[in-house]
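Residue-level structural notes
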2 protein chains.
Amino acid sequence: MYIVCSDLEGILVPEIWVAFAEESGIPELKITTREEPDYDKLMKYRINILREKGYGIKEIQDTISGIDPLPGAKEFLDELRSFAQVVIVSDTFTQFGMPLMAKLGYPTLLCNELVIGEDGMIEDFNMRIDRSKYSTVKGFHAMGYDTIAMGDSYNDLEMLKESKLGILFRSTDTIKAENPDLLSCETYEDLMGYIKGALGL
Amino acid sequence: MYIVCSDLEGILVPEIWVAFAEESGIPELKITTREEPDYDKLMKYRINILREKGYGIKEIQDTISGIDPLPGAKEFLDELRSFAQVVIVSDTFTQFGMPLMAKLGYPTLLCNELVIGEDGMIEDFNMRIDRSKYSTVKGFHAMGYDTIAMGDSYNDLEMLKESKLGILFRSTDTIKAENPDLLSCETYEDLMGYIKGALGL
C-alpha cells in the first residue's frame, strides 16, 4: 500500500518566508538558508525581527492568510486525495502552515512547531525530530506503507531517495543534475501521471 | 507535538458492513466478528457472498455512497482539523472507506486494501501490517509525535493504551469496565473537550 508524502513550499504553496516578507513589507525576512546556512541562527534572527516589528502569531497568521496556494495546486491535491492517501511533510511550523492548509482543504500536515508566549509573540521553535522528512517516511514504512514522495530542495532528497518513487518537482538544474536517479517534472499534470503510474492507475 | 488518531466505524461513521448489509438488502452480510471471530474466514465468507450477489467494487462503492457519517461527525472532524493534525486509523479497506472519506472532506485514511480483479470483483484482501492500529501509533511515535487516540472496540485498545491520551468513545459497558485507565465519553462535545484539554487549548 502506498502513501504520498508531499513537500509543501515550492510544491503546493510559495516559499512561506519569502511570501511573508513581501506580504508584510519586511524585506529583512527574505534571507533564507542560502544566505545563512545555520538554520538555528536563521530562525533566531527571524524571531527577533518579528518581535521588533511587533508581529505576534495572530498578525503573522493574518498575513499568511493573504498568501495563496500555487496556481493549480488545490485542484491537483483535490484530485490526488480523491484516490490516494496524502500527507504534507514540511520543515515549516504548524502555526505558519495552518492558514495555508485551510486554503488546501486541510490535508494532514506533518511539520514542526513554534513556541508562542502568553503575549502572543514567538518565543522559540521545536523541531519535531532529527532529519524529520527522512524520519517521517521511515515511520510510514514501519506502518507497512510504501511511500511516493515529491519535493524540490536539498532537504527533500533523503525523503525522495528512501521512497519507492521519489519525484523532483520544479527543482533547480543543479539538484536535478546531481540526482539523475530521481524522476523530475515541472507540471502538476506530469506529477499526477508519475503518481498514477506508480499506483497502476 | 501531537497527532490525533481516530478509529472510523462507530466514531465517525456507522459500522460499514452492517450499514452495507442494510443498504444492499443482503442480511447475510450482517455477521460480524462477534458471530465469526476468525477474521480471515469472515472476510472470505463476505467476499463469496458479494460475488454470488454480483456486487463488484463499483456496485459496493455506489451502495456505500448511500451511507452517511454519524450525525455531528463531520462538524466535529472539521473543527478538530482546523487546529490539530488528524488521521483516521481503521481496519477497513480503502475501497470501502473512500466513499465515506469523500463525505468527511478527505481526511487521511490509514487502513487496509482489497484486491480487485479485472472483472471488478473482490478477489482477496491485504492487511497492511500486523496489529495495524498499534503499529500505526508506534510509527507516529518514531516520527517524534505523541498521539491522542480514540476508538470504541477491542481492536482499538492497544492504540489507545500506547497513546499519551486514549479515549473510549461510545464503547460498550464491558469494555469501559475492563479499562478504567482510559477516559470515556458519549458525545462529540465531551470528546472535543478531552482533546483540547490534552493540547492545552
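From a predicted model like this one, the values you see are computed outputs, not experimental measurements.

Overview of the sheet that holds strand β3 (residues 108–116) of chain B
All names here are of chain B. The strand order across the open sheet formed by 7 strands is β4-β3-β2-β1-β5-β6-β7, and the pairing between neighbours is mixed. At either margin of the open sheet sits one strand with a lone partner, and together these are β4 (122–126) and β7 (183–185). Neighbour-to-neighbour, the strand axes of this sheet turn through a mean angle of 25°, independent of strand direction. As paired elements, β3 and β4 share 4 bridges and run antiparallel to each other. Note that in β4 the partner of Ile116 across the bridge is Ile122. Lying over the sheet, helix α6 (residues 132–142) contacts β1 (2–6), β2 (86–93), β3 and β5 (146–151), oriented at roughly 155° with respect to β2.

Focus on the environment of Phe93 of chain A
Residue and element names in this part refer to chain A. Summarising the element assignment, Phe93 is placed in strand β2 (residues 86–93). Assessed through its relative accessible area of 0%, Phe93 is described here as buried. For Phe93 and Arg128, which are 35 residues apart along the polypeptide, the C-alpha to C-alpha distance reads 9.6 Å. Setting aside anything within four residues of it in sequence, one finds Phe93 in contact with Tyr39, Met43, Cys111, Asn112, Glu113, Leu114, Phe125 and Met127.

Let's talk about the sheet that holds strand β4 (residues 122–126) of chain A
Adjacent strands of a sheet pair through backbone hydrogen bonds, lying either parallel or antiparallel. All names here are of chain A. Here 7 strands make up an open sheet; going across it, the order is β4-β3-β2-β1-β5-β6-β7 and the pairing mixed. Taken across any chain shown, the strands that pair with only one partner, and hence form the sheet edges, are β4 and β7 (183–185). With direction set aside, neighbouring strand axes in the sheet form an average angle of 25°. Of the pairings in the sheet, the one linking strand β6 (residues 165–169) to β7 comprises 3 bridges and is parallel in character. Paired with Leu168 across the strands is Ser184, a residue of β7. Docked against the sheet, helix α5 (residues 94–103) engages β2, β3 (108–116) and β4, running at close to 135° with respect to β3. Along the sheet face, helix α9 (residues 188–198) touches β1 (2–6), β5 (146–151), β6 and β7 and points at about 180° away from the line of β6.

Focus on unusual backbone geometry
All names here are of chain A. The phi angle at Arg131 is positive, at roughly 45°, despite the residue not being glycine. Summarising the element assignment, Arg131 is placed in the loop between β4 and α6 (132–142). A residue is classified by how much of its surface remains accessible, and Arg131, at 42% relative accessible area, is partly exposed.

Brief notes about the interface of chain A and chain B
Of the residues lining the interface, 30 residues belong to chain A; the matching set on chain B comes to 30 residues. For the pair chain A and chain B, the two sides together bury roughly 2,400 Å², of which 60% comes from carbon and sulfur. Per-residue buried area on chain A facing chain B is highest for Met1, Gln85 and Met143 of chain A; these three make up 29% of the total on that side. Counting every contact that joins chain A to chain B gives 0 salt bridges. Inspection of the region where chain A meets chain B yields 13 residue pairs in polar contact (both at pLDDT 80 or more).

Some points on the side chain of Arg46 of chain A
Residues and elements named next belong to chain A. Structurally, Arg46 can be placed in helix α2 (residues 39–52). Despite being buried, Arg46 has no salt bridge partner; Glu15 is the closest side chain of opposite charge, sitting 7.3 Å away. Here Arg46 is in contact with Trp17, Leu29, Ile31, Thr32 and Tyr39, once residues within four sequence places are set aside.

Digging into the environment of Ile3 of chain A
Note that Ile3 of chain A resides in strand β1. Once the C-alpha coordinates of Ile3 of chain A and Ile148 of chain A are considered, the two residues, 145 residues apart in sequence, prove to be 6.3 Å apart. If near-sequence neighbours (up to four positions away) are discounted, Ile3 of chain A is found in contact with Gln85, Val86, Val87, Phe140, Tyr145, Asp146, Thr147 and Ile148 of chain A together with Thr108 and Leu110 of chain B.

Focus: the pairing of β1 of chain A
Residue and element names in this part refer to chain A. Among the 5 residues of β1, 4 are classified as buried, and the element is accordingly described as predominantly covered. Bridge count for β1 against β5 is 5 bridges, and the pairing is parallel. Across the sheet, residue Ser6 finds its bridge partner in β5, namely Met150. Bridging between β1 and β2 involves 3 bridges; their strand directions are parallel. Note on β2: the bridge partner recorded for Val4 is Val86.

Criteria and thresholds
- Residues numbered from 1 in each chain as written.
- Chains lettered and ligands numbered in written order.
- Predicted model: local features only at pLDDT ≥ 70, side-chain atom pairs only at ≥ 80, totals over all residues.
- Heavy atoms only, no water.
- Pairing = 2+ DSSP bridges.
- Helix = DSSP H or I, 4+ residues; strand = E, 2+ residues; numbered from the N terminus.
- Axes fitted to C-alpha atoms, helices over the stretch in contact; angles between N-to-C directions.
- Contact = heavy atoms within 4.5 Å.
- Buried < 20%, exposed > 50% of the residue type's maximum accessible area, 1.4 Å probe, protein only.
- Buried area = accessible area lost by both parts, 1.4 Å probe.
- Salt bridge = Lys/Arg side-chain N within 4 Å of Asp/Glu carboxyl O.
- Polar contact = N/O pair within 3.5 Å; in protein donor to acceptor, adjacent residues only side chain to side chain.
- Lys, Arg positive; Asp, Glu negative; His and termini not counted.

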